[in-house]
Amino acid sequence: MSDRLPPLTALRAFDAAARHMSFAKAAEELNVTPAALSFQIKSLEEHLGQPLFRRLNRAVELTEAGRTLAPGTADGFATLHAAWAATRRLLDNTTLTVTAGPALTAKWLAPRLYEFARAHPEIDLRFSATLRVMDLERDDVDVAIRFGYGQDDGLYSVPVRKEWATPVMSPELAKRFPTPESLMEAPLIHDESIDFLRPPCDWPAWFRAVGLDPAPRPGAHFSNADHAVDAAVAGVGVALGRRAMILKDLEEGRLVAPFKTAIESQARFRFLCLQGAETRPQIAAFRDWFLAEIEKTAHISDAFTIIPVEDLSQT
């Protein structure tokens, strides 16, 4: 048995066969004939000096040696793929892939992207609307915009303004509930997407901010912030809307925010990319546009008394 690494083509054939547990499916993936794939695996077994598969009647299974080798080859090819993809992205100044949560994408990014596209027609902008945790080294993503407290070690991170929330409702519903006290009888909409915030940035906290202590009331609960805001637009009830999620609907009159008290969490949106990648032209352009767009609406906060939830004692 030689200490030399076997040919990459043989390891690649083994990796595919180990994942599929089928020579035929592995050959199809690699676009080779089953005979060619079988030859590569046979040469790998000869290099090792023992079999990696047991050939059964209509199937194969890994030997102990095969089970030992399989995780390492899978990790190795995943690392190679990630390195190759990262290198290609490094050389590509015309494509930008951004991931952001579905709610922020729908309520804040999508309505504004035409301005970025108009200013940068040379950039092919792609979006992945997901809250899935991304590995910026391995996943095919250049920029992530995430909300929370953030542990961004090893990344280039730009935190933006803290998020505050205030009651919003349709103009018609606002006529029925003209005071904070009247909201104690209103149908309340609950945004469960921020249940992780501590202290909670929720209806009980807002009522404490205006000096009220209502009993819990049933209401509609939504796991996505944009769904909660859309329900408020439809007149379903009153939502405790976060700043980024309600701006467009407030500007265009679909929602009103009649009570000028807002509660603020320490959580923020952050602009994230790999350390050093912030100098790439398309990433720098998107960062500058993103931060400028936030500043365009910063004045809206001036109309509210904003109270940090940390300052509100529980009762």
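Residues numbered from 1 in each chain as written. Predicted model: local features only at pLDDT ≥ 70, side-chain atom pairs only at ≥ 80, totals over all residues. Heavy atoms only, no water.

Draft legend 1. Structural view of the overall build of the protein chain. Within the protein chain, the secondary structure is distributed over eleven helices and eleven strands. In terms of overall dimensions, the protein chain has a C-alpha envelope of 80 × 45 × 35 Å along the principal axes. Buried residues in the protein chain amount to 46% of all 315 residues. At a minimum sequence separation of 6, the contacts of the protein chain that also span at least 24 residues come to 80%. Accessible area for the protein chain stands at about 16400 Å²; split by element, carbon and sulfur atoms hold 55% of it. In the protein chain, 35 side chains carry a positive charge and 42 a negative one; their mean positions are 3 Å apart. (Helix = DSSP H or I, 4+ residues; strand = E, 2+ residues; numbered from the N terminus. Buried < 20%, exposed > 50% of the residue type's maximum accessible area, 1.4 Å probe, protein only. Contact = heavy atoms within 4.5 Å. Areas by Shrake-Rupley, 256 points an atom, 1.4 Å probe, with all protein chains shown as cover. Lys, Arg positive; Asp, Glu negative; His and termini not counted. Charge placed at Lys NZ, Arg CZ, Asp CG, Glu CD.)

Draft legend 2. Inspection of the packing of aromatic side chains at higher detail. The tally for this structure, following the rule as stated, stands at 18 aromatic pairs. Ring centres of Phe147 and Phe269 lie 4.9 Å apart, and the angle between their planes is 45°; on these two criteria the pair is classed as tilted. Highlighted residues: Phe147 in strand 5 (residues 143-148) and Phe269 in strand 10 (residues 261-274), separated in sequence by 122 residues. Classification of Phe269 by relative accessible area gives buried; the value is 7%. Judged by centre distance (5.5 Å) and plane angle (75°), the rings of Trp206 and Phe207 are edge-to-face. Exposure remark for Trp206: the relative accessible area of 0% places this residue in the buried category. The class of Phe207 is buried, set by a relative accessible area of 2%. In textbook terms, an aromatic cluster arises when at least three aromatic residues are bridged by ring pairs, as seen for Trp108, Phe116, Phe127, Phe271, Phe286, Trp289 and Phe290. (Phe/Tyr/Trp six-rings, centres within 6.5 Å; stacked < 30°, edge-to-face > 60°.)

Draft legend 3. Representation of helix 10 (residues 243-251) in the model. Looking at helix 10, one finds that the buried residues are Arg243, Ala244, Met245, Ile246, Leu247 and Asp249. Downstream of helix 10 by one or two residues, Gly253 has phi in the positive range, about 80°.

Draft legend 4. Up close: the packing of helix 2 (residues 23-30) against helix 3 (residues 34-48). Between helix 2 and helix 3, whose axes approach to 8 Å, the crossing angle comes to 105°. Of the possible angle classes, the one that applies to helix 2 and helix 3 is roughly perpendicular. Contacts between helix 2 and helix 3 pair Phe23, Ala26, Ala27 and Leu30 from the former with Pro34, Leu37, Ser38 and Ile41 from the latter. Looking at the contact of helix 2 with helix 3, its residues break down into seven nonpolar, one polar and no charged. (Axes fitted to C-alpha atoms, helices over the stretch in contact; angles between N-to-C directions. Parallel < 35°, antiparallel > 145°, perpendicular 65-115°, else oblique. Nonpolar A, V, L, I, M, F, W, Y, C, P; charged D, E, K, R; others polar.)

Take it as geometry only, folks, not as evidence of what the structure does.
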